[in-house]
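Overview (structure and organization)
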Amino acid sequence: MKHNIYPCIWFDNQGKEAATFYCEVFKDSILKQCSPMVTTFSIKGKQFMALDGGPLYKPNPSISFFVICESEEEINDSWNKLSKGGHSLMPLNTYPWSSRYGWIQDKYGVSWQLSLGKPEQERPDVFPTLMFTGDQNGNAEKAINFYTSLFERSSVDFIAKYEAGEQDTEGNIKHAQFYLNGYRMAAMDSSLPHGFGFNEGISLVVNCDTQEEIDFYWLNLTEGGKESMCGWCQDVFGVWWQITPSILGELMSDPVKAPKVMNAFMKMKKFDIETLKKAGE
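Here we summarise the structure given alongside this text. Source: prediction; values computed, not measured.

Attention now moves to the overall build of the chain. Counting secondary structure elements, the chain contains seven helices and 16 strands. Against the compact-globule benchmark of 19 Å for 281 residues, the chain has a radius of gyration of 19 Å, which places it among compact chains. For the chain, the residues scored as buried account for 51% of the 281 residues in total. Contacts spanning at least 24 positions in sequence make up 61% of the contacts within the chain whose residues lie at least 6 apart. Summed over its atoms, the accessible surface of the chain is roughly 13,200 Å², and 50% of this surface lies on carbon and sulfur atoms. Considering the chain, the positive charge centre built from 26 side chains and the negative charge centre built from 36 side chains are found 4 Å apart.

On to helix H6 (residues 257-265). Every buried residue of H6 is accounted for by Ala 258, Val 261, Ala 264 and Phe 265. Buried residues along H6 cover an arc of 125° about the axis, so they all sit on one side.

So, about the sheet that holds strand E11 (residues 173-180). Strand pairs in the sheet, formed through backbone hydrogen bonds, run parallel or antiparallel to each other. Taken together, the eight strands give an open sheet; going across it, the order is E6-E7-E8-E5-E9-E12-E11-E10, and neighbouring strands pair in mixed fashion. Across the chains shown, the open sheet's two edge strands, defined by having one partner strand only, are strand E6 (87-95) and strand E10 (155-161). Mean inter-strand twist for the sheet, computed between neighbouring axes without regard to direction, equals 20°. In terms of strand pairing, strand E5 (residues 63-69) meets strand E8 (residues 111-116) through five bridges, oriented parallel. Within E8, the residue paired with Val 67 across the bridge is Leu 114.

On to the pattern of salt bridges. Inspection of the entire model under this criterion finds 10 salt bridges. Glu 70 is the salt-bridge partner of Lys 27, the closest N and O atoms lying 3.0 Å from each other. Of the two residues, Lys 27 sits in the loop between helix H1 (15-25) and strand E2 (29-34) while Glu 70 sits in the loop between E5 and helix H2 (72-83), which places them 43 residues apart along the sequence. When its relative accessible area of 46% is taken as the criterion, Glu 70 is described as partly exposed. Each of Lys 46, Arg 123, Asp 125 and Arg 184 takes part in salt bridges that share partners, so that together they form one network.

Attention now moves to unusual backbone geometry. Even without being a glycine, Asn 13 presents a positive backbone phi close to 60°. One can find Asn 13 in the loop between strand E1 (4-11) and H1. One non-glycine residue, Asn 181, lies in the positive phi region at around 50°. Residue position: Asn 181 is located in the loop between E11 and strand E12 (183-189).

Looking now at the packing of aromatic side chains. A full pass over the atoms with the stated rule returns 29 aromatic pairs. For the ring pair Phe 132 and Phe 237, a centre distance of 6.5 Å and an interplane angle of 85° mean the geometry is edge-to-face. In this pair, Phe 132 is assigned in strand E9 (residues 125-132) and Phe 237 in the loop between strand E15 (232-234) and strand E16 (240-245), connecting sequence segments 105 residues apart. Neither residue differs from the other here; Phe 132 and Phe 237 are each classed as buried. Site record: aromatic cluster; members linked through ring pairs are Phe 11, Phe 21, Tyr 22, Phe 26, Phe 41, Phe 48, Phe 65, Tyr 108 and Trp 112. A cation sits over an aromatic face here: Lys 107 above Phe 21, 4.5 Å from the ring centre.

One covalent bond between the sulfur atoms of two cysteine residues makes up a disulfide. The full count for this structure, using the stated rule, is zero disulfides. Free of any disulfide, Cys 34 has its nearest cysteine sulfur in Cys 23, 9.2 Å distant. With no disulfide of its own, Cys 208 lies 10 Å from the sulfur of Cys 233, the closest cysteine sulfur.

A sheet is described by the order of its strands in space; here eight strands give the open sequence E2-E3-E4-E1-E13-E16-E15-E14, paired in mixed fashion. Since the sheet does not close on itself, it has two edges, and those belong to E2 and strand E14 (226-227), each with one partner.

Rules behind the numbers
Residues numbered from 1 in each chain as written. Predicted model: local features only at pLDDT ≥ 70, side-chain atom pairs only at ≥ 80, totals over all residues. Heavy atoms only, no water. Helix = DSSP H or I, 4+ residues; strand = E, 2+ residues; numbered from the N terminus. Rg over C-alpha atoms; globule rule 2.2 N^0.38 Å. Buried < 20%, exposed > 50% of the residue type's maximum accessible area, 1.4 Å probe, protein only. Contact = heavy atoms within 4.5 Å. Areas by Shrake-Rupley, 256 points an atom, 1.4 Å probe, with all protein chains shown as cover. Lys, Arg positive; Asp, Glu negative; His and termini not counted. Charge placed at Lys NZ, Arg CZ, Asp CG, Glu CD. Arc of directions from axis to C-beta. Pairing = 2+ DSSP bridges. Axes fitted to C-alpha atoms, helices over the stretch in contact; angles between N-to-C directions. Salt bridge = Lys/Arg side-chain N within 4 Å of Asp/Glu carboxyl O. Phe/Tyr/Trp six-rings, centres within 6.5 Å; stacked < 30°, edge-to-face > 60°. Lys NZ or Arg CZ within 6 Å of the ring centre and 35° of its normal. Disulfide = S-S within 2.5 Å.

Next up, the structure:
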């Protein structure tokens, strides 16, 4: 199976504005496609989707984006731009894991962890980081094992755990990195009383080429979780996913087919590729 995994960020009709802002904030960023509801862009070669869904959901730091920067100049510039209208969650400073690192929530509510890469060891990159809080605290390792069992070309890069006497529960994940079909992700636990958890504000999109792939991911990700509309579902750990057919973009780009296709999928929970194709005929 070949899949394209990328994050979708929910905005209150500020998607294009935010995407344009991020392309100014981060080096090697490109604004790609814009439609009335969806804007796509890339940062350091990684795709993002900005969805204008209205005021119903808001991003929070349970899913942040870890950005590896090449130089102090780059990290300082991005931090300063994100600071305008935003606020620091961890100040930009020197930490045991990085000579320059900071965690910040921007004016749109999206959270970014900026870290200076180690010369000749880390290439510039950006990837989602899942923070398991509240009732899900302590489940990061279970989630990693579950996700890597579902996707091909998956592996665990490393897992660092809290030890006795450290600032969180012994055995909880301090930081872990893993790959799902070659797509880099990270995870961590936190016992602190954050007051937020996973929600639809940030979801993970999985593009599927066949109905069999859609059925497989839908069945496994909804077990212990729940189904929603238009390909959205929540897994047992609370993380939200969009299981979508890769042909959807092509169908929606046709001005004649798009209204018929949209009318069809608005009635669906799990996507049905044949029904979408027939709707566009």
